[in-house]
Amino acid sequence: MPTRLSGMIALSGLIGAVCGVAGALVAGRTELPTGPVIVLLATAAALASILLAPRRGILARLHRRSALAGTA
Amino acid sequence: MNLDALVIVLTAGLLATACGVLGSFLVLRRQALMSDAVSHAVLPGIVLVFLLTGSRAALPTVLGATLVGVACVLGFEALRRTGLVRADAAIALTFPALFSLGVIGVSKFASGAHLDLDTAIYGEITFAPLRTLAVAGLDVPRSLLVTGLAAVLTLLLVVVVLWRPLQASTLDPQFGEIAGLRGQLAQRVLLVASTAVAVVAFDSVGAILVVAFFVVPAAAAHLLATRLATMLILAVAVGWASAVTGHWAAVHYDTSISGTIGLATVVCFVLARLLAPRRGLLWRAWRRQVGADRFTARWYDV
């Protein structure tokens, strides 16, 4: 999502931390193994960013394409 | 060489044939670690088969594993084609998620049964001569039959059916598309075939040898060859050489056969890195020395 390396490093650390904490909490509640839950959460975050990222995401691209088609 | 040793070397060599041919394309496409990814990604398939049938029989397990492996590589290919993640990141996005699903499945539904990758599909090449199958009244080792079939089908698919589309789409993707060679379709077929060979081979010889055969001989051949066909032949040759020398060394030093064959492929790669014509380190150093000597002789009249 970010356009600069420093932003990318900070954001990746943040996403990792959030997924780690949230995954551990969820795993504790549901009595599932902790590691896999964290991995699945982090994968979901990555897939969500591929879909929803501003400018580059798949949805943004589709939106831009339909906007272009509308003006033509 | 006794019969058991012959079976082991032939099984490893036939597997090296299939893996070398497919692996060359994967290495050139920078997707070499796909086989390693598949080795982990198949776990949910095994769990699913176990839940549905309650069995760990070989055939349904391998089938389920292959299906999930194919889903993994198609997911990876779809991610890569978005252009938002590179091939390596796309591989790393798909297989940990699938492996995690598998681990959760095991702990939730099958914690009583002893179910993990080692017992379910990872075989061991040392035992290849022991697991036999009756074919036309003869006891044929199953691994030999399976890897032989895999080698023949792979050669037919890659060399006879898909040679031009694969060649074009690997070396020059844009040309492949413009020339109407259906490069993307060929790429998908390549991935599915690699997955099928990998899963079947896990069952016959174990995971690490499969990964080694997919990556290392092709990487060594890449250093030696300047043409695609030569690279494929050299990759297969490196695989066979590793199978023979690795098996001999394992028997001689009384160690793990698959480990030693895997190590032999790496030795081949290191030799290629050092000695390859034009690209090897020693070759380059020698050329530099020859060039310097000529320069001295010419300008300083020594």
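For the structure, check the block above.
Rules used in this analysis
Residues numbered from 1 in each chain as written. Chains lettered and ligands numbered in written order. Predicted model: local features only at pLDDT ≥ 70, side-chain atom pairs only at ≥ 80, totals over all residues. Heavy atoms only, no water. Patch = residues over 30% accessible without salt bridge, like charges linked within 9 Å, V, L, I, M, F, W, Y side chains within 5 Å. Areas by Shrake-Rupley, 256 points an atom, 1.4 Å probe, with all protein chains shown as cover. Salt bridge = Lys/Arg side-chain N within 4 Å of Asp/Glu carboxyl O. Helix = DSSP H or I, 4+ residues; strand = E, 2+ residues; numbered from the N terminus. Contact = heavy atoms within 4.5 Å. Buried area = accessible area lost by both parts, 1.4 Å probe. Polar contact = N/O pair within 3.5 Å; in protein donor to acceptor, adjacent residues only side chain to side chain. Nonpolar A, V, L, I, M, F, W, Y, C, P; charged D, E, K, R; others polar. Core = buried A, V, L, I, M, F, W, Y, C linked by side-chain atoms within 4.5 Å. Buried < 20%, exposed > 50% of the residue type's maximum accessible area, 1.4 Å probe, protein only.

Engineer: Just to check I follow, could you spell out a nonpolar patch on the surface for this structure?
Structural biologist: All names here are of chain B. A cluster of nonpolar side chains, Leu263, Val266, Val267, Val270, Leu271, Leu274, Leu275, Leu281 and Leu282, forms an exposed patch at the surface whose accessible area comes to about 760 Å². Listed by contribution, the elements that provide at least two residues to the nonpolar patch are α13 (257-275) and α14 (281-300). Among the elements that take part in the nonpolar patch, α13 stands out by supplying seven residues, more than any other. By the secondary structure assignment, valine 266 is in helix α13.

Engineer: How do you make sense of the interface of chain A and chain B when you look at a structure like this?
Structural biologist: A common way to report how large an interface is uses the accessible area buried once the components associate. Each partner contributes residues to the interface: chain A has 15 residues there, and chain B has 13 residues. Of the roughly 1100 Å² buried at the junction of chain A and chain B (both faces included), carbon and sulfur atoms supply 82%. Taken together, chain A and chain B are joined by zero salt bridges. Linking chain A with chain B are one residue pair in polar contact (both at pLDDT 80 or more). Taken together, the elements giving at least two residues each to the side of chain A that touches chain B come down to α2 (34-52) and α3 (58-71) of chain A. Broken down by element, the side of chain A that touches chain B gets its largest block of residues, eight residues, from α2 of chain A. Of the residues assigned to the side of chain A that touches chain B, the class counts are 10 nonpolar, three polar and two charged.

Engineer: Help me understand the nonpolar core in this model?
Structural biologist: Side chains that are nonpolar tend, in soluble globular proteins, to be buried together. Core analysis: the largest hydrophobic core is formed by 55 residues, its most contacted members being Ile125, Val210, Phe213 and Phe214 of chain B. Ignoring anything within four residues of it in the chain, the contact list for phenylalanine 214 of chain B reads Cys19, Leu22, Gly23, Leu26, Val27, Ser35, Ser194, Val197 and Ala198 of chain B.

Read these as spatial facts, not as claims about activity.
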